[in-house]
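# What the coordinates show
If you want the building blocks of each chain, they are given just below.
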Amino acid sequence: MQKMKQSISAFLLALLLTACGSTPTEKKVTAENASISGNSKNYIKVVDGNYNFTNDGNDAFITVQFELKQKPESEICRSKYPESIKLNPIGENGTIFDTGSYGFTLSRSEMGKLKDLINTGAVNEKVRVSFKWDYFGVSDEKGKPIFEKSTTFEIIDNTFDVCSNLSDKKVHWEDRDVEIKKTNGNVSSKSTESKKSNSDNKEWDKALDSYENYIDKYAKLLKKVKNGDASAMTEYPAMMEKATDFSKKLENAGNDLSTKQMTRFMELQTKFSEAIQNLN
């Protein structure tokens, strides 16, 4: 453990002494018949025009305007977890830039705007949504080319689906620990265990929220390291120790986590690992 800590300190020190090339803060691109993959392509399109990639050194953004071109016959739902509607920057000759596992994605609230547009909007109605790339600041080797060479973008929808297609697949996570017994036509359930499970699941949801908030702060600390801010050296050990505590707590939860929560935990682990790997 001591050897690992020494290696981490040496690695961080090397980063502090490394000067990073500056990345432009804005890049104008043009969308013309922008590609949309997934179920959304049947109902919405990107409004043709000029758009701007921007960044504040920590995160990067682009606001895109969508137009409803056709109403769905059935209501559209957000069907998958983790939810993902991603924007891929594209350069000349159709080159797609690598943005890692996350890149420019929609928050739940921004995703909700698209869902409302499809389900309740009128044909030709428009809405603007903002895509955000968290931890852009620790991904210079991936982010810088976008702000130098991108010319347009594409949209990848891995979330929306027709609600009726999901009715037979939907899992009620809060009921997963309820034991149903049928005896002579009577149905009984272990309601006490169910309530306890619901309560525990809510606590784990809070723990996962805290873990994600921690990862956000940790990524900003790594940005400080990469920018040569010496104060990061004093903050790093405590942050690393807290991350270990979070991981142990969630890993030890084992079967106490629902499938949905475990999926989210694994995604957060990937998110945390990627934030570290992006320093290389």
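As shown above, the structure is provided for reference.
Residues numbered from 1 in each chain as written. Predicted model: local features only at pLDDT ≥ 70, side-chain atom pairs only at ≥ 80, totals over all residues. Heavy atoms only, no water.

## What about the pattern of salt bridges?
- Going through the model one piece at a time under the given rule, you end up with seven salt bridges.
- The salt bridge involving glutamate 67 is made with lysine 126; its shortest N-O contact spans 3.8 Å. Placement of glutamate 67 in strand 5 (residues 60-68) and of lysine 126 in strand 9 (residues 126-133) is noted, with a sequence separation of 59 residues between them.
- Residue class for glutamate 67 comes out buried when judged on its relative accessible area of 10%.
- Using a relative accessible area of 40% as the deciding quantity, one classes lysine 126 as partly exposed.
- Among the salt bridges present, the one from lysine 142 reaches aspartate 98, with a minimum N-O distance of 4.0 Å. Here lysine 142 is found in helix 3 (residues 140-149), whereas its partner aspartate 98 is found in the loop between strand 7 (85-91) and strand 8 (104-105), with 44 residues between them in sequence.
- Members of the salt-bridge network, linked through shared partners, are Asp59, Lys132 and Asp134. (Salt bridge = Lys/Arg side-chain N within 4 Å of Asp/Glu carboxyl O. Helix = DSSP H or I, 4+ residues; strand = E, 2+ residues; numbered from the N terminus. Buried < 20%, exposed > 50% of the residue type's maximum accessible area, 1.4 Å probe, protein only.)

## A word on the state of the cysteines
- Counted under the stated rule, the structure contains one disulfide.
- Residue pairing for cysteine 77: its cysteine sulfur links by disulfide to cysteine 163, the two sulfurs lying 1.7 Å apart. Its S-S torsion of about 100 degrees marks the bond between cysteine 77 and cysteine 163 as right-handed, since a negative value means left-handed. Highlighted residues: cysteine 77 in strand 6 (residues 76-78) and cysteine 163 in the loop between strand 11 (160-162) and strand 12 (180-183), separated in sequence by 86 residues. (Disulfide = S-S within 2.5 Å.)

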